[in-house]
Amino acid sequence: MNKKIRVLVAKPGLDGHDRGALVISQALRDYGMEVIYTGLRQTPEQIVAAAVQEDVDAIGLSCLSGAHNELFPEVMSLLKQRGADDIIVIGGGVIPWEDIPFLESAGVRKIFTPGTPTVETAKFIEAAVLERDGYPAPAGMEPPKKIDHIGIAVESLDEVLPFYVNTLGLKLEAVEEVESQKVKVAFLKIGQTRLELLEPMDEQSPIRQFIIKRGQGVHHVALGVENIASRIEELKKAGVKMIQEQPVKGAGGASIAFIHPSSTHKVLFELCEKPETEGGVS
């Protein structure tokens, strides 16, 4: 696409602080976009009129006053009335998480909360405009496809399997040893996912260390992904710390890598890419 993406950055409502709007305006310019900033205390009518007149591709709304639930939908409504609802609208500012589903259901494409790197906002606008105009969008990080399995650390498979199989009635698919992780693993299918019971094979097993520190219980959540190597690189570029920076062999022939809990608010996540054939346990 040869044209330069034009973005209108606007401050609807009465709040008088625009540092955030100015920061994002400069960031979008640095990314290569043309930015028009409307200034403080704009009405939805003024914002929409300016967006149509300037023939922008996107509008960035910034609101700190708490009136976003009224002002942002009003902008969307006026754009529709003017036949300009192909303009992509994003929002930011002090927006409570509980308000985001409502705003996005009103047509705001995405709300960026404080702390979001400005380059991520620019990338989102770029991808949305390219998609709208029928151009191939740059490949972004796709969400994981599913929860592949939940890993549970146990002292002894022999002791716990009767509960899972006989009491809960889950189907035991297989038991195998994973030498690289020093664990013996039992797979139990539950719906479209699995429980993975992990018994340490020796005192050096990471699962043994986990049980010593925290006792038996949930050890990790495995996210089903495709192209795990690319996923790892994307996460590293986003500043996420990995325990394994290259995929390693996991149970059932899967390729796996763990994300360091320091990057995940203390939850141990595993990336898990399985062979194509379903029915294989991994």
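Remember, predicted model here, so these are calculated numbers, not experimental data.

Participant: What is the right way to read the overall build of the protein chain from this model?
Facilitator: Across its full length, the protein chain holds 8 helices and 13 strands. Its C-alpha atoms give the protein chain a radius of gyration of 25 Å, more than 25% over the compact-globule value 19 Å for 282 residues. If one aligns the C-alpha atoms of the protein chain with their principal axes, the spans along those axes are about 70 × 40 × 30 Å. Residue burial in the protein chain is summarised as follows: out of 282 residues, 44% are buried. Accessible surface, the protein chain as shown: approximately 14900 Å² in total, 52% of it carbon and sulfur.

Participant: Help me out: how do you make sense of the sheet that holds strand 6 (residues 146-153) in this one?
Facilitator: Whether parallel or antiparallel, the strands of a sheet pair through hydrogen bonds between backbone atoms. Taking strand neighbours across the sheet as the criterion, the 8 strands line up as 7-8-9-6-10-13-12-11 in an open arrangement whose pairing is mixed. The two strands at the open ends of the sheet, each matched to only one other strand, are strand 7 (171-178) and strand 11 (248-249). Taken strand by strand, helix 8 (residues 228-237) contacts strand 12 (255-259) and strand 13 (269-273), and its axis lies near 145 degrees from that of strand 13.

Participant: Where do I start with the UniProt feature "domain: VOC" (unreviewed entry) in the protein chain in this structure?
Facilitator: Sequence positions flagged by UniProt for "domain: VOC" (unreviewed entry) are, in local numbering, residues 146-274. Here residues 146-274 is 23% helix and 40% strand, with 12 Å between the C-alpha atoms at its ends.

Participant: Can you help me understand the side chain of E199 in this one?
Facilitator: Take E199: it is sitting in strand 9 (residues 193-200). No salt bridge is formed by the buried E199, whose closest oppositely charged neighbour, K184, lies at an N-O distance of 5.0 Å. For E199, the residues in contact, after removing those within four places along its chain, are V154, E155, S156, L157, D158, K182, V183 and K184.

Participant: Looking at this model, I keep getting lost on the layout of surface pockets. Mind explaining?
Facilitator: Unoccupied space between atoms shows up once a probe the size of one water molecule is rolled over them. Roughly 550 Å³ of volume is contained in the second largest pocket. Contributing to the lining of the second largest pocket are 28 residues, with P206, I207, H219, F258 and L268 lying nearest its centre. Elements represented by at least two residues in the lining of the second largest pocket include exactly strand 8 (183-190), strand 9, helix 7 (206-214), strand 10 (217-224), strand 12 and strand 13. Residue composition of the lining of the second largest pocket, by class: 15 nonpolar, 8 polar and 5 charged.

Participant: Would you mind going over the nonpolar core with me for this structure?
Facilitator: With 25 residues, the main nonpolar core has L8, I59, L61, F72 and L79 as its most contacted residues. Elements with a minimum of two residues in this core: strand 1 (6-10), helix 2 (44-54), strand 3 (58-63), helix 3 (68-81) and helix 4 (100-105). When residues of this core are assigned to their parent elements, the largest contribution, 6 residues, is made by helix 3. Not counting chain neighbours up to four residues away, the residues in contact with I59 comprise L8, I47, A51, L79, I87, I88, V89 and I90. Grouped together as the second largest cluster of nonpolar side chains are 17 residues, I24, M33, A58 and F112 included.

The rules behind these values
Residues numbered from 1 in each chain as written. Predicted model: local features only at pLDDT ≥ 70, side-chain atom pairs only at ≥ 80, totals over all residues. Heavy atoms only, no water. Helix = DSSP H or I, 4+ residues; strand = E, 2+ residues; numbered from the N terminus. Rg over C-alpha atoms; globule rule 2.2 N^0.38 Å. Buried < 20%, exposed > 50% of the residue type's maximum accessible area, 1.4 Å probe, protein only. Areas by Shrake-Rupley, 256 points an atom, 1.4 Å probe, with all protein chains shown as cover. Pairing = 2+ DSSP bridges. Contact = heavy atoms within 4.5 Å. Axes fitted to C-alpha atoms, helices over the stretch in contact; angles between N-to-C directions. UniProt positions renumbered as here; feature names shortened; annotations may be inferred. Lys, Arg positive; Asp, Glu negative; His and termini not counted. Salt bridge = Lys/Arg side-chain N within 4 Å of Asp/Glu carboxyl O. 1 Å grid on protein atoms, 1.4 Å probe; cavity = no way out; pocket = protein on both sides within 12 Å on 5 of 7 lines; lining within 4 Å. Points joined across faces, edges and corners; volume = space filled by probe spheres on them. Nonpolar A, V, L, I, M, F, W, Y, C, P; charged D, E, K, R; others polar. Core = buried A, V, L, I, M, F, W, Y, C linked by side-chain atoms within 4.5 Å.

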